[in-house]
Amino acid sequence: MFSILIPGAAFAVDPSVEPGTIAVGSGPLDVAITADGSTAYVVNYDSDNISVVNLATGTAGTPISVGNQPTAFTIAPNGTFAYVANFNNDSPSDLTRIALPSGTPTTILSGAGLDGPRSIVFSPDGTKAYVSNQGMAANAKIFVIDTATNTKLSEIAVSPRPQNMAINSDGTKLFVSHFDNGVVSFIDLSTNAVTTPITGLSGPQGLTLAGTNYGLLYVANQTGNSVNVYNAVNGTLVTSITGFSSPESVTVNPGNTQIYVANQGADQIKIIDIATNAIIAPTLTVGDLPFYVAFAPNGLKAYVPNYGSNTLSVISFPQPPAPPAPQPAGETLANTGQDLTLGMISATLLLGFGIVSVLTGRRIRRIR
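Undergrad: So what about the overall build of the chain? Which residues, and what values?
TA: Of regular secondary structure, the chain possesses 0 helices and 35 strands. Burial status across the chain gives 58% buried among its 368 residues. In the chain, the proportion of contacts linking residues at least 24 apart, taken out of those at least 6 apart, comes to 45%. Summed over all atoms, the accessible surface of the chain reaches about 12,800 Å², with 55% contributed by carbon and sulfur.

Here it is in structure tokens:
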């Protein structure tokens, strides 16, 4: 079935979940796809490694060992390396740099003030990486990393427990979610100053930029069972979309016409039409505790790590969406820190330990 979303622009074909799944490591939280669409790198929180999946065959090869409890794998804009956040607070937290495509890992910034690194985004030119330092409240910071030397350039003090992030195309604005106190920070990267934050959310988790000139900020409001939409310039609330169960992450599709929501509490992916900010059919059933949706560059496939079933679900599209129209500099999305959580109410580890909680009779794991 074809649905026209924006007259004269992109239209979408109903997607479907492929039968079967791809087996990966234990506790997959995050996935990143290479620019050529050949390989998926899946973060396995419980097995301390990265699954390397050949997407042509749908099989995982030899995993890459990294640090304790990895939560994010983010590929640099030039595609030659990636950074991995190793969350575990029981030993000095660190980052791993992985050369691509060889997969050779190197530990960087071991200790160095890191306290529960959670998510990573790169500046558009790849010269800097921003790492949310979730840890304890006293270490609530965003670390700014020089990617040429793998050293810390500076720290940005923010609200407690910074988690997921998004950055705009010219690298001037950084958006950060804070689950514990219901805040989304706006950071001016020209000065590293935190401007007036968005407050009053209920368990904000994943976030992404989308819409006309990418001027809308979508936030998965996990304990509020909603997705909130804000003006990305001034932070005003546009609308709150209900009908979710513990939404974990939000991802804009390649055509910038739809938002894919990992509806963790119901093992589903739900779709929001950006033109109307309404939930549309179909609702896609995936594996146990889906965390994120990552699209292949050509828009023909999307991949979902399922924490509870140790699998990767594959969503197929009969044809890709039309490419987005050119956007003014400074308004498009450069990259989004992959969402990581397993949350009864969130996705973060409590005092550095995974705990099992119950939400409406279902097992949901939190990471903080």
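Undergrad: Residues and numbers for the sheet that holds strand 25 (residues 237–242), please.
TA: The sheet built from 4 strands is open, its strands ordered 22-23-24-25 with antiparallel pairing. Each edge of the open sheet carries a strand with a single partner, namely strand 22 (204–210) and strand 25. Strand after strand, the sheet turns through a mean of 20° between neighbouring axes, direction not considered. With 6 bridges connecting them, strand 23 (residues 216–221) and strand 24 (residues 226–231) associate as antiparallel partners. Its bridge partner lying in strand 24, Tyr218 is registered against Val229.

Undergrad: Break down the packing of aromatic side chains for me, citing the residues and quoting the values.
TA: What the rule picks out here adds up to 9 aromatic pairs. For the ring pair Phe81 and Tyr83, a centre distance of 5.6 Å and an interplane angle of 55° mean the geometry is tilted. Overall, Phe81 belongs to the buried group, its relative accessible area being 5%. Aromatic pair Phe295 and Phe317: ring centres 5.8 Å apart, planes at 35°, arrangement tilted.

Undergrad: Before we move on, could you go through the sheet that holds strand 27 (residues 258–263) and cite the residues and values that matter?
TA: With antiparallel pairing, 4 strands are arranged side by side in an open sheet as 26-27-28-29. Because the sheet does not close on itself, it has two edges, and the strands there are strand 26 (247–252) and strand 29 (278–285). Within this sheet the neighbouring strands show an average axis-to-axis angle of 25°, counted without direction.

Undergrad: Could you give an account of the pattern of salt bridges, with specific residues and numbers?
TA: The final tally for this structure, using the stated rule, is 4 salt bridges. Of the charged contacts, one joins Lys301 and Glu18 as a salt bridge, the two residues approaching to 2.2 Å between their closest N and O atoms. Of the two residues, Lys301 sits in strand 31 (residues 301–306) while Glu18 sits in the loop between strand 3 (16–17) and strand 4 (22–23), which places them 283 residues apart along the sequence. Lys301 gets classed as partly exposed once you look at its relative accessible area, which sits at 29%. One salt-bridge network, in which partners are shared between bridges, spans Lys141, Lys152 and Glu155.

Undergrad: Residues and numbers for the pairing of strand 16 (residues 141–146), please.
TA: In terms of burial, strand 16 is a largely internal element, 5 of the 6 residues being buried. With 6 bridges joining them, strand 15 (residues 128–133) and strand 16 adopt antiparallel strand pairing. Residue pairing in the sheet places Tyr130 in a bridge with Val144 of strand 16. Here 6 bridges tie strand 16 to strand 17 (residues 151–157), and the two strands are oriented antiparallel to one another. Bridge pairing in strand 17 places Lys141 opposite Ala157.

Undergrad: Tell me about the side chain of Ser316, and name the residues and values.
TA: Of note, Ser316 is situated in strand 32 (residues 311–316). By relative accessible area, which is 15% here, Ser316 ends up buried. A polar contact of 2.4 Å, which involves the side chain of Ser316, links it to the side chain of Glu18. Within the structure, Ser316 has its side chain in polar contact with the side chain of Lys301 (distance 3.1 Å). Non-local contacts of Ser316, meaning those with residues more than four positions away in its chain, are made with Pro15, Ser16, Glu18, Leu300 and Lys301.

Undergrad: Account for the confidence of the model for the chain, with residues named and values stated.
TA: Per-residue confidence for the chain gives a mean pLDDT of 85; residues scoring 70 or more make up 81%. Segment residues 1–12 is flagged for pLDDT under 50; beyond a separation of four residues in sequence, or across chains, it makes 24 contacts in the model. Below a pLDDT of 50 lies the segment residues 327–334, which in the model reaches 28 contacts outside its immediate sequence neighbourhood of four places, other chains included.

Undergrad: Lay out the pairing of strand 14 (residues 117–122) in plain terms, naming residues and giving numbers.
TA: In terms of residue burial, strand 14 counts as a mostly covered element, since 6 of its 6 residues are buried. Direction of pairing for strand 14 relative to strand 15: antiparallel, over a ladder of 4 bridges. The partner of Phe122 across the bridge, within strand 15, is Ala129. Count of turn residues in the strand 14/strand 15 antiparallel hairpin: 5 residues, of which Gly126 carries a positive phi of about 75°.

Undergrad: Can you explain the environment of Val17? Please cite residues and give values.
TA: Among the structural elements, Val17 can be located in strand 3. C-alpha separation for the pair Val17 and Lys301, spaced 284 residues apart in sequence, amounts to 9.7 Å. Residues contacting Val17, with those up to four places away along its chain left out, are Leu284, Thr285, Val286, Val314 and Ile315.

Criteria and thresholds
Residues numbered from 1 in each chain as written. Predicted model: local features only at pLDDT ≥ 70, side-chain atom pairs only at ≥ 80, totals over all residues. Heavy atoms only, no water. Helix = DSSP H or I, 4+ residues; strand = E, 2+ residues; numbered from the N terminus. Buried < 20%, exposed > 50% of the residue type's maximum accessible area, 1.4 Å probe, protein only. Contact = heavy atoms within 4.5 Å. Areas by Shrake-Rupley, 256 points an atom, 1.4 Å probe, with all protein chains shown as cover. Pairing = 2+ DSSP bridges. Axes fitted to C-alpha atoms, helices over the stretch in contact; angles between N-to-C directions. Phe/Tyr/Trp six-rings, centres within 6.5 Å; stacked < 30°, edge-to-face > 60°. Salt bridge = Lys/Arg side-chain N within 4 Å of Asp/Glu carboxyl O. Polar contact = N/O pair within 3.5 Å; in protein donor to acceptor, adjacent residues only side chain to side chain. pLDDT = per-residue confidence, 0-100.

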